[in-house]
Amino acid sequence: MLDQTEQIGQERTTNDGPIVPRATDFAQWYQDIIAAAELVDQAPVRGCYILRPNGYFIWESIQRDLDARFKRHGVQNAYFPLLIPMSFIMKEAEHVEGFAPELAVVTHGGGEALEEPLVVRPTSETVIWSTFRKWIRSHRDLPLLLNQWCNVMRWEKRPRAFLRTAEFLWQEGHTAHATAEEARRYTLENHVIYYDFLEECLGLGPVAGEKPPHERFPGAVATFTLEPMMQDGRALQTGTSHDLGDTFARAFDVSYQGEDGQSHPVYATSWGMSTRTIGGVLMVHGDDRGAVFPPAVAPVQVAIVPVPGRDDVSTRAVEAAVSDLRRDLSGAGIRVTVDDRPGLRPGAKYFHWERRGAPLRLEVGPRDVAAGQAMAARRDTGEKAPIPMSGAVAAVQALLDAVQLNLRARAHQMREARTFTVDDRAGITESVLKGYAFTRWCEDRECAADMQAQSRGTIRCFPFEKHGDEFRPIPEDHGPCGWCGNPATRRVLVGRSY
Ligand SMILES: [Zn+2]
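Residues numbered from 1 in each chain as written. Predicted model: local features only at pLDDT ≥ 70, side-chain atom pairs only at ≥ 80, totals over all residues. Heavy atoms only, no water.

Chemist: I keep staring at the packing of helix α9 (residues 312-331) against helix α12 (residues 392-417) and nothing clicks. Help me out?
Modeler: In contact at an axis separation of 9 Å, α9 and α12 are set at 60° when each is read in the N-to-C sense. Considering the angle they form, α9 stands oblique to α12. The hand of the α9/α12 crossing is right-handed. Here α9 contributes Leu325, Asp328 and Leu329 to the contact with α12, which in turn contributes Ala392, Val393 and Val396. Tallied by class, the residues present in the contact of α9 with α12 amount to 5 nonpolar, no polar and 1 charged. (Axes fitted to C-alpha atoms, helices over the stretch in contact; angles between N-to-C directions. Helix = DSSP H or I, 4+ residues; strand = E, 2+ residues; numbered from the N terminus. Parallel < 35°, antiparallel > 145°, perpendicular 65-115°, else oblique. Left-handed = near helix turned anticlockwise from the far one by under 90°. Contact = heavy atoms within 4.5 Å. Nonpolar A, V, L, I, M, F, W, Y, C, P; charged D, E, K, R; others polar.)

Chemist: Sorry if this is basic, but what is going on with the packing of helix α1 (residues 26-36) against helix α8 (residues 276-285) here?
Modeler: What describes two packed helices is the angle between their axes and the distance between those same axes. Running from N to C, α1 and α8 point in directions that differ by 110°, and their axes come no closer than 11 Å. Between α1 and α8, the angle is such that the two are roughly perpendicular. Pair α1 / α8 crosses with right-handed handedness. Touching Phe26, Trp29, Tyr30, Ile33 and Ile34 of α1 are Gly279, Leu282 and Met283, all from α8. When its residues are assigned to classes, the contact of α1 with α8 shows 7 nonpolar, 1 polar and no charged.

Chemist: How should I be thinking about the environment of arginine 185 in this particular structure?
Modeler: Within the element layout of this structure, arginine 185 appears in helix α6 (residues 180-200). According to the relative accessible area criterion, arginine 185 is partly exposed, its value standing at 48%. Spatially, the C-alpha atom of arginine 185 lies 41 Å from that of alanine 394, the residues being 209 residues apart in sequence. (Buried < 20%, exposed > 50% of the residue type's maximum accessible area, 1.4 Å probe, protein only.)

Chemist: Is there a simple way to explain the coordination of the zinc ion in this structure?
Modeler: Geometrically, a metal with four donors at the corners of a regular tetrahedron has ideal angles of 109.5 degrees, and one with six donors at the corners of a regular octahedron has ideal angles of 90 or 180 degrees. Donor atoms from the polypeptide that coordinate the zinc ion comprise Cys442 (SG), Cys447 (SG), Cys481 (SG) and Cys484 (SG), at 2.3 Å from the metal. In the primary sequence, the donor residues of the zinc ion line up as C-x4-C-x33-C-x2-C. Residue cysteine 442 is found in the loop between β21 (436-441) and α14 (445-455), and its partner cysteine 484 is found in the loop between β24 (479-480) and β25 (487-488); the two are separated by 42 residues along the sequence. A residue is classified by how much of its surface remains accessible, and cysteine 442, at 17% relative accessible area, is buried. (Donors = N, O, S within 2.8 Å, 3.2 Å for Na, K, Ca; no water.)

Chemist: Hey, could you run me through the sheet that holds strand β6 (residues 112-120) in this one?
Modeler: One key point about sheets: their strands pair by backbone hydrogen bonds, in either a parallel or an antiparallel sense. Pairing is antiparallel across the open sheet formed by 3 strands, whose spatial order is β4-β6-β5. Edge positions in the sheet fall to β4 (83-85) and β5 (104-109), since each of these pairs with one other strand and no more. Going across the sheet, the axis of each strand differs from the next one's by a mean of 50°, ignoring polarity. Judged from the 5 bridges that link them, β5 and β6 form a sheet pairing that is antiparallel. Directly across from valine 105, in β6, lies its bridge partner valine 119. (Pairing = 2+ DSSP bridges.)

Here's what the structure looks like:
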């Protein structure tokens, strides 16, 4: 949902500029830490961004982790084409209505006008279900569980790095099932995978829940969402899983022959997670000194800064110790770099790696060498403590684990401290300036529209509780709607969003 009064900050092209404090201008701070960490550059086409090696490394790490989780859940990867015939998009009424304003359309190819315009995929349900028609004949062909890693394009009027970009990278899963119950179960199982990934890998502390009907994916019968809270109190929708019912099977005439010899409808799910998650990592974990990356995705996990001695002998001893340390850590699979750039003071190097979000810095000077230790500085807390050179691998691994867990715990604490149980308009209006309002809602769309117009808060979701590997709706709570006073049976989370 676009917020017209939103500040988006100025994009910086240099990486050594000042970082505006979060409290002064959160939007500018976001742009500043992206520049400091060298994650993206501007592209010649507005709304598109160049992912620099640091930004792309984080995406590769996300890909590796998520892909393994999908495969354990029975999913296979495939690839469908970038260009989709316009007539495919037109087949499903809600789908075309939802995506039409954002479509990029190819009208010419090979120097001639095309007979039928082609759409640059905004998502791939249509091309995939037109293909499933050929692949699904019998109950033996189901379930069909596919995923693709690709780029998509949705024309963006107010672009912002990672959060809203015309072209973005994502994965889109598409599955086909024999029954509606199985499709719903699979959608929720996938949503648990997303939740665990955001918790364990990115430490975002999201709320999982179901979107209200007016916020569903175009064509879906249910949409499930993950809503981590950013440090400015706003929600970032980060990964959605859709139960598509038999909408796309009907639109593309897909059915299967059951064991009973009869023809049956096919039920679909789709689910996507994108480079937007990187924006979430920045806005949940970053601080006024720069980016803070969870060790699981940090391009550099450990930056070693050698501190030269007063003479050649002690400097050479430092170099030898640093060389051994790098070899040991690298051999253990830890992403380590030695900052031996000449002519820079150690303090300038500390500053450099702080801005880039390296979770751990190791300082090694002559006195450390003599004591058989290195000084370890945590990026998340700023704490410094010596670790022994012998056994450095275990000590560093333990510290990286501690940073990973602390970032996650901090995200949970922030969200919990800024989620307010409220029962009236004033409470909702005040709460969404600081974080989330947890309030009863009458489930009327007009009420939600009025709430948004007056408070800028939107219904983020009907939240779930997680029990083991399962999401369950929170217990019903009957009483007046927090906004309009009409009868309500459930509580929702309301927040401003990106
Ligand atoms: Zn209401």
